[in-house]
Each structure stands twice: as structure tokens, then as C-alpha cells.
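Understanding the architecture of this molecule
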Amino acid sequence: MNNPLLEPFDQAPFSKIKNEHFHPAITNAIDLAKKEIDAIVYNTDTPTFENTIAALDYSGYQLDRVSSIFFNLNSAETNEAIQKIAQEVSPLLSEFSNDITLNEGLFKKIKSVYEQKDALGLSTEEETLLNKRYKSFSRNGANLPNDKKQRLREIDTQLAKLKLTFGENLLAETNAFEMHLTNQEDLNGLPDGAKEAASQLAKSKNKEGWLITLDYPSYIPFMKYASNRELRKELALAFGSKGFKGNSLDNQENVLAIAKLRHERANLLGYKTHADFVLEERMAEKPEKVISFLNELQEKAKPAAIKEFKQLEDFAKELDGIGQLEKWDNSYYSEKLKQKLFSLDDELLKPYFKLENVIDGVFKVAEKLFGLQFKEVFNVDKYHEEVKTFEVYDEDQNFVSLFYADFHPRSGKRGGAWMTSFKSQFRKNGEEYRPHVSNVCNFTPSTPTKPSLLTFNEVTTLFHEFGHGLHGMLADTIYPSLSGTSVYWDFVELPSQILENWCYEKETLELFAKHYDTGELIPMDLIQKIKDSASFQEGMATLRQISFAKLDMAWHSNDPTPITNVKSFEKESFEGTNLFPDTPQTCMSTAFAHIFQGGYSSGYYSYKWAEVLDADAFAYFKEHGIFNKVIAKDFKYHVLSKGGTEKPMILYKRFRGTEPKISALLERGGLITA
Ligand SMILES: [Zn+2]
């Protein structure tokens, strides 16, 4: 069989790949990686850093390439066949990675290098790699007796399957729901663009009227603008009950099983809880530190949140006589209140944020800060016609990266926005391998009469994901496993979140925020309003983030064995952070993909943690000019290019000159005054 994934390739050969190529390509790449590892283990020379640690880091290249293509497609352009293959290959992959981490011969060699590390004269990057590799073995049971090693393998296989099922259930729940409206009045309050999109969607499914779905571009405008409170309630309950309906797509058992298996795994390895295990390799280090960090923030944010809630409540009562404010009233009245206070409406801003202009703007920011140039190219193979491709060059015309951008929702794409890559950066034998980075989002698509116009929130999302993208693109390390975004999880959001700050600056908006029709620059009073409104309901938003982070810590920093009821456990965890009445039909945990499907378990706090970092770092830019080239160069050199080659606190201090302080964030959000 002619299989493009079995032949050498640099750019992912999407157009040549058929579904039946994946399984053989992955098994073949696993075999190849096994041979490379055997060559390390059975090498009769004395173990050295080069023949063991470096060789191991360079092994499995083909497998990385093939599996990143496959799993990126499973997120961005999936179908039943791909999901079925994922179910088949996931256990093979976790078995393979367990085979490595439980390979005693290999561990013996690594340990022998590790034990003589002080005598080896290693560079900082080499020492980091050696420590990381040694820990990756010990943290995966290399020092365990055989029966416990066996149990660890069973747990990992089960967890991989459970996480996949959790995600598939969520996607199926999202796709299964539609709210079919045939009465024009039911759309009252919605902006024309949202009405048009709903009508388009109905037409595409051969239906009369309008369709509202649980995809963000459909769901969010409806919750924000639809004046029919009953319909907002119906939609909110559908959204909030994903994986919690007692049907075949229910995630409650999956959540319980995942939490319990994670705890058992941590115990097996000698850690008190899953959070203790995870946080050992984080900037925060201990669950106690995370919890006290969250409590400190909660203490500062709660008084503001209560005040803001009261203000919202009074406003809704005055406007519509609403007695008890419910979850489905939040966006609707918040938007109206925001309009009243700032007369700033998403619809007023959107004409200035045509997608193409925003992309151009983020490229200009990257050029002004880091000297990067983005050149759109049309000869790069892609997995969907909507994907745009760019070549990225530095000031000296050196090739930096390939960049894929995939911006609009499709039925086979999961919700949200993310950065990923099809190829990592590294250097081997003096040869430079440059990365292939991708941003995938779910932005409002164009309609027959309007181009894609982004909400301001979508603009900051684009900058955010692009910030992750820069972390990948500007990577400059020797070893692939330390490259780009391969950093501690509570550090990984710094490059993304800091970039969002530029969206609020006049100097940035002047570069690209031009009316799609008239070309008129965004009026200065709108810019001022964007800034003024940026900290609108900051207390409530902070409290909400804290509630998610605390739910995550509740699941993972205690023994979950006694938990039988997901909903009541969750309710207890939300106490103290809840402003709206609970709705018994909804559940956060059963749709909390970050922690039960993705990699954020015991790590949700890192969003706020990174906000402390980004506010502190951006304050440094503000002080010296937001396009200050010296500071940008330092940020690129000490943070973006360094990946995980050193501990994040060391990198950060080298850039900033001092440890980050919480005050810049509190000031930025108006929770304290400077
Ligand atoms: Zn992010």
C-alpha cells in the first residue's frame, strides 16, 4: 500500500492521507521508535549523556510527526472513522510510552548517567534534560516492583480510554442539540448577523426558520442578546447539562472513574494525591500553595464581586422586574449594563475587527516586537480549504516557522481555541529543524453579506492563541522535548496572556482596527471605552475562575474514594464562590474538558497564576513603551526562545530582574488602586 505517512515528509502531506493510512503508519512508527530505543539499551559502550539522554530525546521523531497529524485532525477535522481509529491507537500509544518509561534496561542506563551528572560538565540545557528524563522515569514507576508496575500500566490504558470517551460524549452532546425556532419574535434582541447565521444554519439542514446550537458562535450571542428569558433558560440548561442527562452520553461515571484512577496512580508512586504528583513539576510546587494563592485572590475579589452582582441584580429588577437573577440572565443583563455604563456594544466594535485585519494586526505586532514577517503561501498542503498557511521569516530573512491558521467552526471541530504544532523545533548534529505551528479557533464565520467580523473577545482570543504560537515559532533549543511550549504548565500561559494586553492599547489598535466597509480607523473614544470596560465585572470574573480552579483542586487534592455523587460534591466545592442560584439540572464537572479530557488537572489555577505573571511582565513594557525593542528582545531571548530549558522562575527573573508580584494584576483589574 502506498502510504504517504510511511515516506519521508517535511510538511504534513494532508491531501494524500486517507483514513486507512493512520493505523499502519502509527504502528510502523512505533516499531521504528522501539528499534531506536533498543539501540540505546543494547549499546555496549559506557552510557554517556550523548549515547543515552540525547539519543533518547531524538528517538521517535517519525512517531511524533504521524501522531501529531492524527490527533490534530481528531480535534480539528474529525469524523466517526477517525474517532474509531483514535480508540484503536490510543491504547497502543500509551502502551508504547509505558513500555519506555517502565523499560528497566533503559532506566538503568539513564540512572547511571544521572548518578555521575556532577562530573559530566553538562550545560544548563543538558542538565535540565537529564533531570527531566530521570524524573519522567521515576514518576512513571521505574523504581516500583513488578506487580505495581503492571497495575500502573493498566491504569494508564484505562485513563486514556476514559478521557477519549469523555471528549467524544461532549462533542456528541454538543452536536445532538439544536433549538429550532420558527417564530420571528423568538429572535428579538439578536443582532442581524446572529439572526442571519441562525437562518443559514437552518437552511443548510433543510429546515424552515432559525437554528440555535451549543457551538459558541451560536450560543454566546443568543445568551447575550435574546430577550426571551424562557428560551435563554432552555439553551443555558442544554449547555450546562452536557454529559449530565443520564443518557448513553453521560459523563458522571467517567468523571468518578478518572478521579479515582488518578488518585490510585499517585498513591502507587508514593504521592499523597494526584495534585501533589502534578504540582511537583510546577512553578507552584504544592497543593497548599495553590489553595492559599486562590484564597488570597478570592479575598481580594469577593467584595468586588458581591458589589457587582448587587449592581446587576438592581439593574435587572429596574429594567424588567426580575426578582431572582439566574445564570441565564448573566450575559444578557451584563451586556445591557455594560452598554449603559460604557455604551460599548460588541456589535458597535465588530465592524472594526474584520478577521483579515486582525490577523494583519497581530502580524504587525509580531513584526514590531520581534522583527517577524508573515508571508501567506498557497503551495502548502492543508487538511481543509479554510486553513490559511504562512511562512514566517526573521529580520535577516531566515526561515523561522510554518504557520497554519484555521479559524471557523465546523461540525468535526471541537469547541474552543488552541495552539498546536505539526512539527517541533530542535537542533541535531548542527542541523536546524524549524517548527510547523498551528492556531485553531471557532470564530464567527462570514455570511453572504458580511465578512467575518470578530467580537472584541474573539480578537483577544486570536492574540492569545497567537502568543502560544510565538512561543512555538521562536523556539531556539537543542532538544525537542525542551522546545517551545514544553514548559511547566503554570508558565505556559504567560506568552499567550501577555499578548492580549496589546489589544487594549491605542498604539496597537491604530495598526489594524479599521472599519471593514469605510476603512475608517476605530474612533478614539471607543478605544478609551474598551479600556474602561476591560475591568467591568472583574470581581465576578475572577471569582468564577477561582471557582473552576477550586473545583479542579477539590477533585484532585483529596482522596476521591468517598465521592459517590458528582453533583453534590461539586456543589460543595462551589460554596463561597457561587453568586447565582444552583440549577439541579446542570453540572460543570461532566463537561469540564480542561481537567477531564485535556491536560489541566490540578492546573486550572494556572490561568490566574499566569495572569499574575502577564500583568507583571506587561507592566514592565508599559513602563518603557509597549513596542520597546530592548524589552521585547529580552522577552524573546529569556522567555520565548528558551522553552523548558530552565526553571521558569529563573527565566522570568532574568527577563524582569525580579520575581512577579500579585499587585500588577489587582491594579489592572481595578481590585486595588495604585
Ligand atoms: Zn492559552
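Reference entry: report on the structure contained in this document. (Residues numbered from 1 in each chain as written. Predicted model: local features only at pLDDT ≥ 70, side-chain atom pairs only at ≥ 80, totals over all residues. Heavy atoms only, no water.)

For the rest of this paragraph, the subject is the state of the cysteines. Going through the model one piece at a time under the given rule, you end up with 0 disulfides. Cys-503 forms no disulfide, and the closest cysteine sulfur to it belongs to Cys-441, at a distance of 13 Å. For Cys-503, a relative accessible area of 0% corresponds to the buried category. (Disulfide = S-S within 2.5 Å. Buried < 20%, exposed > 50% of the residue type's maximum accessible area, 1.4 Å probe, protein only.)

Ile-631, Ala-632, Phe-635, His-638, Val-639 and Leu-640 are the residues of helix α25 (residues 629-640) that are buried. Each buried residue of α25 sits inside an arc of 150° when the element is viewed along its axis, so together they form one side. Opposite the buried face of α25, by more than 90 degrees, sit the exposed residues Val-630, Lys-633 and Tyr-637. Where α25 is buried, its residues contact α16 (355-370), α17 (456-473), α18 (494-500), α24 (606-624) and α26 (648-656). Backbone nitrogen of Val-630 and a side-chain oxygen of the N-cap are separated by 2.9 Å at the start of α25; the cap is Asn-628. (Helix = DSSP H or I, 4+ residues; strand = E, 2+ residues; numbered from the N terminus. Arc of directions from axis to C-beta. Contact = heavy atoms within 4.5 Å. Polar contact = N/O pair within 3.5 Å; in protein donor to acceptor, adjacent residues only side chain to side chain.)

Glancing now at the coordination of the zinc ion. In this structure, His-464 (NE2), His-468 (NE2), Glu-493 (OE) and Glu-493 (OE) serve as the protein donors to the zinc ion, at separations of 2.1 to 2.7 Å. One way to put it: the 4 donor atoms around the zinc ion meet at angles of 52 to 140°, and that makes the site irregular. In the primary structure, the donors to the zinc ion are separated according to the pattern H-x3-H-x24-E. One end of the pair is His-464 and the other is His-468, both in helix α17 and 4 residues apart, which spans about a single turn. Side by side, His-464 and His-468 carry an identical accessibility label, which is buried. (Donors = N, O, S within 2.8 Å, 3.2 Å for Na, K, Ca; no water. Tetrahedral: all angles 85-135°; square planar, octahedral: opposite > 155°, others 65-115°.)

This paragraph deals with the packing of aromatic side chains. Between two aromatic rings, the relevant description is the distance of the centres plus the angle of the planes. Counted under the stated rule, the structure contains 54 aromatic pairs. Centroid distance Phe-107 to Tyr-134: 5.6 Å. Interplanar angle 25°. Geometry classified as stacked. Of the two residues, Phe-107 sits in helix α5 (residues 104-115) while Tyr-134 sits in helix α6 (residues 124-138), which places them 27 residues apart along the sequence. Per residue, the accessibility class of Phe-107 equals that of Tyr-134, and both read buried. Taken together, a centroid distance of 5.1 Å and an interplanar angle of 65° make the contact between Phe-293 and Trp-609 edge-to-face. Here Phe-293 is found in helix α13 (residues 287-320), whereas its partner Trp-609 is found in helix α24, with 316 residues between them in sequence. Phe-293 sits in the buried class, given a relative accessible area of 8%. For Trp-609, a relative accessible area of 12% puts it in the buried group. Grouped by ring-pair contacts, the aromatic residues Trp-502, Phe-618, Tyr-620, Phe-621, Phe-635, Tyr-652 and Phe-655 constitute a single cluster. One Lys or Arg, Arg-232, reaches over the ring of Tyr-332 and ends 4.1 Å from the middle of that ring. Directly above the aromatic system of Trp-418 lies the positively charged group of Arg-414, at a separation of 3.9 Å from the ring centroid. (Phe/Tyr/Trp six-rings, centres within 6.5 Å; stacked < 30°, edge-to-face > 60°. Lys NZ or Arg CZ within 6 Å of the ring centre and 35° of its normal.)

Along its length, α13 reaches its greatest deviation from straightness, about 40°, at Ala-301, and the proline Pro-303 lies no more than four positions downstream. A positive backbone phi angle near 65° is found at Gly-321, which sits one or two residues after α13. (Bend = angle between axes of the 7 residues up to and from the residue.)

Our focus in this paragraph is empty space enclosed by the protein. Any space left empty among the atoms is revealed by the rolling of a water-sized probe across them. Taken as a whole, this structure holds 3 cavities of 30 Å³ or more when the rule is applied. Estimated volume of the largest cavity: approximately 50 Å³. The wall of the largest cavity is formed by Leu-369, Phe-370, Leu-470, Pro-495, Ile-498, Leu-499, Trp-502, Phe-621, Phe-635 and Leu-640. At the level of elements, α16, α18 and α25 are the ones that each hand at least two residues to the lining of the largest cavity. Sorting elements by how many residues they give to the lining of the largest cavity places α18 first, with 3 residues. Here the lining of the largest cavity is built from residues that sort into 10 nonpolar, no polar and no charged. Of the pockets and cavities examined, the second largest cavity occupies roughly 40 Å³. Taken together, the elements giving at least two residues each to the lining of the second largest cavity come down to α16 and α17. Among the elements that make up the lining of the second largest cavity, the one with the highest residue count is α16 (3 residues). Residues that form the lining of the second largest cavity fall into these classes: 7 nonpolar, 1 polar and no charged. (1 Å grid on protein atoms, 1.4 Å probe; cavity = no way out; pocket = protein on both sides within 12 Å on 5 of 7 lines; lining within 4 Å. Points joined across faces, edges and corners; volume = space filled by probe spheres on them. Nonpolar A, V, L, I, M, F, W, Y, C, P; charged D, E, K, R; others polar.)

What follows is about unusual backbone geometry. For Gln-397, which is not glycine, the phi torsion reads 65° and is therefore positive. Residue placement: Gln-397 occurs in the loop between β4 (388-393) and β5 (399-406). The backbone of Gln-537 shows a phi angle near 55°, a positive value even though the residue is not glycine. Along the chain, Gln-537 falls in the loop between α20 (524-534) and α21 (538-556).

Let us now look at the packing of helix α3 (residues 61-76) against helix α4 (residues 80-101). What describes two packed helices is the angle between their axes and the distance between those same axes. Relative orientation of the contacting elements α3 and α4 amounts to 145°, with a least axis distance of 11 Å. Handedness of the α3/α4 crossing: left-handed. Of α4, the residues touching α3 (which contributes Leu-63, Phe-70, Phe-71 and Asn-74) are Ile-82, Gln-83, Ile-85, Ala-86, Val-89, Ser-90, Leu-93 and Phe-96. Considered class by class, the residues forming the contact of α3 with α4 number 9 nonpolar, 3 polar and no charged. (Axes fitted to C-alpha atoms, helices over the stretch in contact; angles between N-to-C directions. Left-handed = near helix turned anticlockwise from the far one by under 90°.)

Taken in spatial order, the 5 strands make up an open sheet running β3-β4-β5-β9-β6, and their pairing is mixed. With partners counted over all chains shown, the strands left at the sheet margins are β3 (373-376) and β6 (418-423), one partner each. Neighbouring strand axes in the sheet, compared pairwise and without regard to direction, differ in orientation by 30° on average. With 5 bridges connecting them, β6 and strand β9 (residues 436-440) associate as antiparallel partners. (Pairing = 2+ DSSP bridges.)

With that settled, consider the environment of Asp-552. Looking at the secondary structure, you find Asp-552 in helix α21. Taking the relative accessible area as the measure of exposure, Asp-552 reaches 0% and is therefore buried. Considered as a pair, Asp-552 and Ala-284 are 268 residues apart in the sequence and their alpha carbons are 15 Å apart. If near-sequence neighbours (up to four positions away) are discounted, Asp-552 is found in contact with Phe-592, Ile-595, Tyr-600, Ser-601, Ser-602, Gly-603 and Tyr-604.

Right, let's get into the pattern of salt bridges. In this structure the tally under the stated criterion is 39 salt bridges. A salt bridge links Glu-335 to Lys-224, with the shortest nitrogen-to-oxygen separation between them at 3.9 Å. Here Glu-335 is found in helix α14 (residues 330-342), whereas its partner Lys-224 is found in helix α9 (residues 216-225), with 111 residues between them in sequence. The buried category is assigned to Glu-335, whose relative accessible area is 6%. In this structure Lys-224 comes out as buried when scored by relative accessible area, which is 19%. The closest approach of N and O atoms between Asp-476 and Arg-427, which form a salt bridge, is 2.7 Å. Of the two residues, Asp-476 is situated in the loop between α17 and α18 and Arg-427 in strand β7 (residues 426-428); the sequence distance between them amounts to 49 residues. (Salt bridge = Lys/Arg side-chain N within 4 Å of Asp/Glu carboxyl O.)

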